[in-house]
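Here's the letter readout for the chains.
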Amino acid sequence: MANALLAADTAEGKKGERVVVLDMRDVTLIADYFVIVSATNVIQVQTIADAVDEALQARGLERINQVGRARAHWVLLDYGGLVVHVFTEEERQYYNLERLWGDAVVVDRAALKAGRQ
């Protein structure tokens, strides 16, 4: 979970909006956690994706795959147990991963930071 929280915090540090961490462990074998973040434009999508990738690699996490970098309306960063989705707001609304994976638990990052969870 620490890597998912780092990704979320890094995205917010680059002005990412509506940052959500989903606990996927009871829902799918694809990944343990999804981080979903919105950006206002494609340049910000790229900036957030780059910053998250740099932060996770600095922690020793190897990226397995990256998809969508050229178009940059939706960049997916795959680290195995963690998948980071950086969207423009329009793409996020269209794909609506939160609804698609509605059975996943939304991680209460504020509670974790406060030490309550």
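Residues numbered from 1 in each chain as written. Predicted model: local features only at pLDDT ≥ 70, side-chain atom pairs only at ≥ 80, totals over all residues. Heavy atoms only, no water.

What follows is about the pattern of salt bridges. Enumeration according to the criterion identifies eight salt bridges in this entry. The salt bridge involving aspartate 23 is made with arginine 25; its shortest N-O contact spans 2.6 Å. Note that glutamate 98 and arginine 92 form a salt bridge whose closest N and O atoms lie 2.3 Å from each other. Judged by relative accessible area, glutamate 98 falls into the partly exposed class, the value being 24%. (Salt bridge = Lys/Arg side-chain N within 4 Å of Asp/Glu carboxyl O. Buried < 20%, exposed > 50% of the residue type's maximum accessible area, 1.4 Å probe, protein only.)

Here the focus is the pairing of strand β5 (residues 82–88). With seven of its seven residues buried, β5 lies for the most part within the structure. The side-chain alternation of β5 yields two buried faces, one formed by Leu82, Val84, Val86 and Thr88 and the other by Val83, His85 and Phe87. One ladder, built from seven bridges, connects strand β2 (residues 33–39) with β5; its direction is parallel. Looking across to β5, one finds that serine 38 is bridged to phenylalanine 87. Pairing of strand β4 (residues 74–78) with β5, which is carried by five bridges, proceeds in the antiparallel orientation. (Helix = DSSP H or I, 4+ residues; strand = E, 2+ residues; numbered from the N terminus. Pairing = 2+ DSSP bridges.)

So, about the nonpolar core. One recurring pattern in soluble globular proteins: nonpolar side chains tend to sit buried together. Membership of the largest hydrophobic core comes to 24 residues, with the highest contact counts inside it found for Val35, Val52, Leu82 and Val84. Among the secondary structure elements, those contributing two or more residues to this core are α1 (2–13), β1 (17–23), β2, α2 (42–58), β4 and β5. When residues of this core are assigned to their parent elements, the largest contribution, five residues, is made by α2. Among all residues touching valine 52, those that are not within four sequence positions of it are Ala7, Thr10, Ala11, Leu77, Tyr79 and Val84. One finds Leu22, Ile36, Val83 and Phe87 within the second-largest nonpolar core, a separate group that totals eleven residues. (Core = buried A, V, L, I, M, F, W, Y, C linked by side-chain atoms within 4.5 Å. Contact = heavy atoms within 4.5 Å.)

In this section: the side chain of aspartate 23. Mapped onto the elements of the fold, aspartate 23 is located in strand β1. Side-chain polar atoms of aspartate 23 contact the side chain of arginine 25, separated by 2.6 Å. Look past the residues within four positions of aspartate 23 in its chain and what remains in contact with it is Asp32, Tyr33, Ala104, Val105 and Val107. (Polar contact = N/O pair within 3.5 Å; in protein donor to acceptor, adjacent residues only side chain to side chain.)

This part covers the environment of arginine 71. Topologically, arginine 71 is positioned in the loop between β3 (65–67) and β4. Put simply, arginine 71 and glutamine 46 are 25 residues apart on the chain and 9.6 Å apart in space, counted from C-alpha to C-alpha.

Going through the model one piece at a time under the given rule, you end up with four aromatic pairs. Aromatic side chains phenylalanine 34 and tryptophan 101 sit 5.9 Å apart centroid to centroid with 85° between the ring planes, which places their arrangement in the edge-to-face category. On the criterion of sequence distance, the pair formed by phenylalanine 34 in strand β2 and tryptophan 101 in the loop between α4 (97–100) and β6 (105–106) is long-range, its members being 67 residues apart. Of the two residues examined, phenylalanine 34 and tryptophan 101, each falls in the buried class. Ring geometry for tyrosine 94 against tyrosine 95: centres 4.9 Å apart, planes inclined by 90°, an arrangement best described as edge-to-face. The exposure class assigned to tyrosine 95 is partly exposed, which follows from its relative accessible area of 35%. Taken together, the ring pairs in this structure connect Trp74, Phe87, Tyr94 and Tyr95 into an aromatic cluster. (Phe/Tyr/Trp six-rings, centres within 6.5 Å; stacked < 30°, edge-to-face > 60°.)

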